[in-house]
Amino acid sequence: RFLPSVRTRKMATPATVLTIGNATKWPPQFEKDAAASDTSPGEPGPKQLLYDRIICDVPCSGDGTIRKNPSIWRSWHKVFTYALKLHTQQLKILMRGLHHLKPGGHLTYSTCSMNPIE
């Protein structure tokens, strides 16, 4: 889903896209080109749109909030196990983001975890 955002409407960035959903399956976008629909088999189709900047705000175990939430210490073993499960999903999101990034573009990877696995 695309999300309209008041903040991005106020900024001078008309090409900003905010999304929410399963980032591991974000589909590629292609240029709209009338001529591309008339291509014959074997000719290159429409060009994939790539992004200059991508922010991957990945789900995390939340262990970076220990200072504010000391109760996490009591269940540290559960948090660590959960982090191991999240690692695969985080890696898929990162790889998907890189797939949509222009060469020379910037990708920011964000997580609140202090766990090196995350």
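Residues numbered from 1 in each chain as written. Predicted model: local features only at pLDDT ≥ 70, side-chain atom pairs only at ≥ 80, totals over all residues. Heavy atoms only, no water.

**Topic: the pattern of salt bridges**
Point 1. Inspection of the entire model under this criterion finds two salt bridges.
Point 2. One salt bridge in this structure joins Glu31 and Lys47, with 4.0 Å as the shortest N-O distance. A residue pair is termed long-range when its members are at least 10 positions apart, and Glu31 in the loop between helix H1 (6-10) and strand S1 (51-57) and Lys47 in the loop between H1 and S1 qualify at 16 residues.
Point 3. Residue class for Glu31 comes out partly exposed when judged on its relative accessible area of 35%.
Point 4. For Lys47, a relative accessible area of 56% corresponds to the exposed category.
Point 5. Residue Asp52 is joined to Lys102 by a salt bridge in which the shortest nitrogen-to-oxygen separation is 3.1 Å. One end of the pair, Asp52, is in strand S1; the other, Lys102, is in strand S2 (residues 101-110), with 50 residues separating them in the sequence.
Point 6. Overall, Asp52 belongs to the partly exposed group, its relative accessible area being 42%. (Salt bridge = Lys/Arg side-chain N within 4 Å of Asp/Glu carboxyl O. Helix = DSSP H or I, 4+ residues; strand = E, 2+ residues; numbered from the N terminus. Buried < 20%, exposed > 50% of the residue type's maximum accessible area, 1.4 Å probe, protein only.)

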